[in-house]
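Reading the structure
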Amino acid sequence: IGVAHTIPNSEDSPHLLIEAADLALYKAKQSGRDCVAVYPKPISHSRNRQDLESSLLKRLRQALKNNSFSLYAQPITPLDADDSKRYFEILLRLTDEAGQVITPNLFLPTAERNSMMPDIDTWVINNLLKQLASCDCSCWQNHRFSINLSGASLNNDAFLEFLLQKLTDCHLPSELFCFEITETVAISDLDRISKFIKSLKNLGCSFALDDFGKGMSSLTYLNNLSVDYLKIDGSFISDLNNNKAAQVMVEAINHIAIGIGLKTVAEFVENQTTLDTIRKLKVDFAQGFHLGR
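In this report, we go over the structure that sits alongside the text.

Now for the nonpolar core. One finds Phe177, Phe179 and Ile278 to be the most contacted residues of the largest nonpolar core, which totals 69 residues. Among the nonpolar cores identified, the runner-up in size contains seven residues, and Ile76, Cys178, Tyr229 and Val265 belong to it.

A few words now on the packing of helix α6 (residues 157–169) against helix α8 (residues 190–201). It is the contact of α6 with α8, at a shortest axis distance of 11 Å, that shows an interaxial angle of 10 degrees. The orientation of α6 with respect to α8, classified from their angle, is roughly parallel. Residues Asp157, Phe159, Leu160, Leu163, Leu164 and Leu167 of α6 lie in contact with α8, whose contacting residues are Arg192, Phe196, Ser199 and Leu200. Residues that form the contact of α6 with α8 fall into these classes: seven nonpolar, one polar and two charged.

Tracing the backbone shows arginine 93 in strand β4 (residues 86–95). For arginine 93, which is buried and forms no salt bridge, the nearest opposite charge comes from glutamate 89, at a distance of 8.4 Å. With near-sequence residues (within four places) excluded, arginine 93 lies in contact with Ser68, Phe69, Ser70, Tyr72, Val101, Ile102, Thr103, Pro104 and Phe107.

The next point concerns α6. End to end, α6 covers 18 Å across 13 residues, agreeing with the expected 18 Å (1.5 Å per residue, within 8%). For α6, the set of buried residues is Phe159, Leu160, Leu163 and Leu167. Each buried residue of α6 lies within a common arc of 100 degrees when the element is viewed along its axis, so the set occupies one face. Where α6 is buried, its residues meet α4 (117–133), α5 (151–154), β7 (177–182) and α8. Where α6 starts, the residue carrying a side-chain oxygen 2.9 Å from the main-chain nitrogen of alanine 158 turns out to be asparagine 156. Looking one or two residues beyond α6, the residue adopting positive phi is histidine 171, at roughly 60 degrees.

Going through the model one piece at a time under the given rule, you end up with eight aromatic pairs. Taken together, a centroid distance of 5.9 Å and an interplanar angle of 70 degrees make the contact between tyrosine 229 and phenylalanine 285 edge-to-face. In this pair, tyrosine 229 sits in strand β9 (residues 229–232) while phenylalanine 285 sits in strand β11 (residues 285–286), placing the two residues 56 residues apart along the sequence. Comparing tyrosine 229 with phenylalanine 285, the two get one shared label, buried. Taken together, the ring pairs connect Phe69, Phe107 and Trp123 into an aromatic cluster. The residue whose ring lies beneath arginine 93 is tyrosine 72, and the NZ or CZ to ring-centre distance is 5.7 Å.

Conventions we followed
- Residues numbered from 1 in each chain as written.
- Predicted model: local features only at pLDDT ≥ 70, side-chain atom pairs only at ≥ 80, totals over all residues.
- Heavy atoms only, no water.
- Core = buried A, V, L, I, M, F, W, Y, C linked by side-chain atoms within 4.5 Å.
- Buried < 20%, exposed > 50% of the residue type's maximum accessible area, 1.4 Å probe, protein only.
- Axes fitted to C-alpha atoms, helices over the stretch in contact; angles between N-to-C directions.
- Helix = DSSP H or I, 4+ residues; strand = E, 2+ residues; numbered from the N terminus.
- Parallel < 35°, antiparallel > 145°, perpendicular 65-115°, else oblique.
- Contact = heavy atoms within 4.5 Å.
- Nonpolar A, V, L, I, M, F, W, Y, C, P; charged D, E, K, R; others polar.
- Lys, Arg positive; Asp, Glu negative; His and termini not counted.
- Salt bridge = Lys/Arg side-chain N within 4 Å of Asp/Glu carboxyl O.
- Expected span 1.5 Å × (residues − 1).
- Arc of directions from axis to C-beta.
- Polar contact = N/O pair within 3.5 Å; in protein donor to acceptor, adjacent residues only side chain to side chain.
- Phe/Tyr/Trp six-rings, centres within 6.5 Å; stacked < 30°, edge-to-face > 60°.
- Lys NZ or Arg CZ within 6 Å of the ring centre and 35° of its normal.

Worth remembering: the numbers are spatial, not functional.
This is the structure we're talking about:
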């Protein structure tokens with residue numbers, strides 16, 4: 001067991017506490033297992049924060065060098081019975097020396113703070129295309145894969161050139177790929193992001209706007225972003241059956257999407273009741289543990 005130690009009423013970030021507990025877990029394993037290790041000092045202490053960041057950064061660099069990342073695929077289920085395509089979102093995981101899988105909420109914040117996201121996005125693209133290309137192209141005719149792109153990559157001209165070249169050279173149909181960007185990133189530099197989207201859509205790729213509904217300016221910017229899917233923010237979906245306002249918001253987002261010709265995806269579908277509700281609200285796709293991990 002790994003335990004993160006903190007002091008009452010500190011201003012610790014939750015993800016830093018989880019990262020600290022994760023490091024303590026490694027210490028427990030290295031001590032022979034069957035024991036408890038405590039991250040030694042309050043995480044809010046600046047030196048500890050630096051040590052934690054340094055340790056995670058080292059692990060991430062080793063993962064890029066040693067191919068210690070893994071790709072997972074979570075199904076995105078069409079709620080229209082006539083849609084015969086198979087949709088998946090590609091998810092990144094980090095695998096440690098003991099084979100333990102580490103989720104991105106533990107390592108992506110460190111990667112973002114240390115300008116590693118273009119390198120990680122590049123790893124994802126290279127390895128996904130390599131795996132898909134290892135099969136007969138006809139295997140993927142009825143598929144679509146969603147790939148998350150970071151803000152750092154979207155604002156990097158060299159990354160766009162790399163991505164365009166990879167998609168041109170891989171001999172896979174570009175229609176296979178949908179790129180997911182968050183609403184926050186999309187509105188950070190609207191002109192640049194719009195050009196990025198158009199460059200890839202010209203090849204045949206599609207785009208999804210993730211976490212839609214979080215920001216206050218969503219509707220204003222929809223006119224300027226040539227996206228194909230709206231992924232409704234999971235906070236609305238997880239509270240759907242207990243909060244009438246959440247239902248109204250999802251219904252409104254879906255109505256707007258229909259009006260401007262976009263498809264909607266409900267994330268965080270964790271049970272049949274939620275699935276039944278979004279089906280009644282005429283959302284196009286559902287994604288969540290109830291439908292597949």
